[in-house]
Amino acid sequence: MQAFRIETKGASAQLCETPEPALAEHQVRVSICACGLNFADLLMQKGTYQDTPEVPFTLGMEISGIVVEIGNNVTNLAPGDRVAIFSGQGGLAESGVFDADRAIPIPNSMSFEDAAAIQIAYGTSHIALEHRTRLQAGETLLVTGAAGGVGLTAIEIGKLMGATVIAQARGKDKLAVAQKAGADHLIDANEDLRDRVRALGGADVVYDAIGGDVFKAAFRATNPEGRLLPIGFAGGDVPQIPANQLLVKNLSVIGVYIGGYLKFRPKIVRDSFSTLFRWHSEGRIKPHISHVLPLQDVAKGLELLRDRKSTGKVVIRINSPL
């Protein structure tokens, strides 16, 4: 089968032929229809992601597809089932084997592309805003990098939870995408973020995917008892947080890493995905996918992420439904 793999440490990922992996008794074999790309895939290529697997491995963290074979101990799934799997790796391939307890059935109304796009971005935002920060109706949510994969989902979910949403993104086109997702106020990345947010009454919750100076400005625009979520560091710099200023305004900085929950509280992820799939069926959320590319164009898709030329999600379409 074809797979986009890193074969040796320090080498770039390449599309290559590789044998199909053996199926363990607790696993399912899936014909992969779609795989969502994530900024973490870029970090894994450099070996700087906190959960980079040991080489060799196949990139691709979130997939959707059709079960074609089940292990001897699998009782909750059957060949032919349509599933979504937050796999962490192995998704950018024509086929893969995954632990059955990570597979969640997807409704017939959901496309494979949407199922691949919804998991990490929406799951991160849903767990961050509902489980970690307890965002309340009437609060103000600031989303930086608002036109990106996680940023747009934070806008949608924030609005569903009754918040006023301030979106920061670069350029009128990306701000238009954020506005379409439901943002109430728009701030261009070239503007003074701190002053603009303060003029709007400050932020109660900050959802920051950029880091660096953007986080620092958002930090200074946060209201007393505000909560800050450092979701990612697309700007390249991990911010250093002045603890003394946390004390002055009684602020909370809250970490959230959806992959971590799979290791110690996987039910939180499963429950979140079930809620998100229901919301999708009800028409309350709809993934924004700016690019759908074939497997041979994975490198091009990753370039779109790295160069910030995509909005929402980039999805790789692999196999057609059986």
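In what follows, the structure referred to is the one given above.
Bear in mind the structure is a predicted one, so any value in this text is a computation, not a measurement.

A. Representation of the nonpolar core within the structure. Counting 84 residues, the largest nonpolar core has V30, L92, L129, L141, I155, Y207 and L229 as its most contacted members. When residues no more than four places from it in sequence are discounted, the contact partners of Y207 are T124, S125, A128, L129, L141, L142, V143, T144, V150, A154, L229 and I231. Membership of the second largest hydrophobic core comes to 17 residues, among which are L142, F219, A221 and L228.

B. Main features of the sheet that holds strand 10 (residues 164–169). Pairing within the open sheet is parallel, and its six strands lie in the order 11-10-9-12-13-14. Two strands close off the open sheet at either side, each with one partner strand: strand 11 (185–188) and strand 14 (252–253). Pairing geometry for strand 13 (residues 222–230) and strand 14, over two bridges, is parallel. Paired with L228 across the bridge in strand 14 is V253.

C. Structural detail: the environment of G71. In this structure, G71 sits in the loop between strand 5 (62–70) and strand 6 (82–86). Looking at G71, the relative accessible area reads 7%, which means it is buried. Residues in contact with G71, not counting those within four places in the same chain, are L23, A24, E25 and Q27.

D. Expanded view of the pairing of strand 3 (residues 27–36). With ten of ten residues buried, strand 3 is to be regarded as a mostly interior element. Bridging between strand 3 and strand 7 (residues 95–99) involves five bridges; their strand directions are antiparallel. Bridging from a neighbouring strand, V28 pairs with F98 of strand 7. Looking at chain direction, strand 3 and strand 5 are connected through eight bridges and run antiparallel. Bridged to S31 within strand 5 is I66.

E. Fine view of the sheet that holds strand 4 (residues 57–58). Strands sit in the order 2-1-4 across an open sheet of three strands; the sheet is antiparallel. Because the sheet does not close on itself, it has two edges, and the strands there are strand 2 (14–17) and strand 4. Inspection of the sheet shows strand 1 (residues 2–6) paired to strand 4 by two bridges, in the antiparallel sense. What sits directly across from R5, in strand 4, is T58.

F. Spatial organisation of the pattern of salt bridges. Under the definition given, this model contains 17 salt bridges. Two residues, E191 and R196, come together in a salt bridge whose shortest N-O distance is 2.6 Å. In this structure, R284 and E282 form a salt bridge, with 3.8 Å as the shortest nitrogen-oxygen distance. With relative accessibility at 39%, the residue R284 sits in the partly exposed group. Put simply, E20, R29 and E69 are held in one network by salt bridges that share partners.

G. Looking closely at the state of the cysteines. Considering all chains together, one arrives at zero disulfides under this definition. Free of any disulfide, C33 has its nearest neighbouring cysteine sulfur in C35, separated by 12 Å. Judged by relative accessible area, C33 falls into the buried class, the value being 2%. For C35, a relative accessible area of 0% corresponds to the buried category.

H. Helix 1 (residues 39–46), seen in detail. Listed as buried for helix 1 are A40, D41, L42 and M44. Buried residues along helix 1 sit against strand 1, strand 3, strand 4 and helix 10 (298–306). At the C-terminal side of helix 1, G47 shows a positive phi close to 75 degrees.

I. Structural context of the packing of aromatic side chains. Under the criterion given, the structure shown has four aromatic pairs. When the ring centre of F112 is taken as reference, the NZ or CZ atom of R82 above it lies at 4.4 Å.

J. Unusual backbone geometry, seen in detail. Geometrically, the link from V55 to P56 is a cis peptide bond, its omega value of -5 degrees lying close to zero. Turning to its location among the elements, P56 is positioned in the loop between helix 1 and strand 4. Although it is not a glycine, E225 adopts a positive phi angle of roughly 65 degrees. Along the chain, the position of E225 falls in strand 13. Here E225 falls in the exposed class, since its relative accessible area comes to 61%. Even without a glycine there, the phi angle at R308 is positive, about 55 degrees. Within the secondary structure layout, R308 lies in the loop between helix 10 and strand 16 (313–317).

Conventions used here
Residues numbered from 1 in each chain as written. Predicted model: local features only at pLDDT ≥ 70, side-chain atom pairs only at ≥ 80, totals over all residues. Heavy atoms only, no water. Core = buried A, V, L, I, M, F, W, Y, C linked by side-chain atoms within 4.5 Å. Buried < 20%, exposed > 50% of the residue type's maximum accessible area, 1.4 Å probe, protein only. Contact = heavy atoms within 4.5 Å. Pairing = 2+ DSSP bridges. Helix = DSSP H or I, 4+ residues; strand = E, 2+ residues; numbered from the N terminus. Salt bridge = Lys/Arg side-chain N within 4 Å of Asp/Glu carboxyl O. Disulfide = S-S within 2.5 Å. Phe/Tyr/Trp six-rings, centres within 6.5 Å; stacked < 30°, edge-to-face > 60°. Lys NZ or Arg CZ within 6 Å of the ring centre and 35° of its normal.

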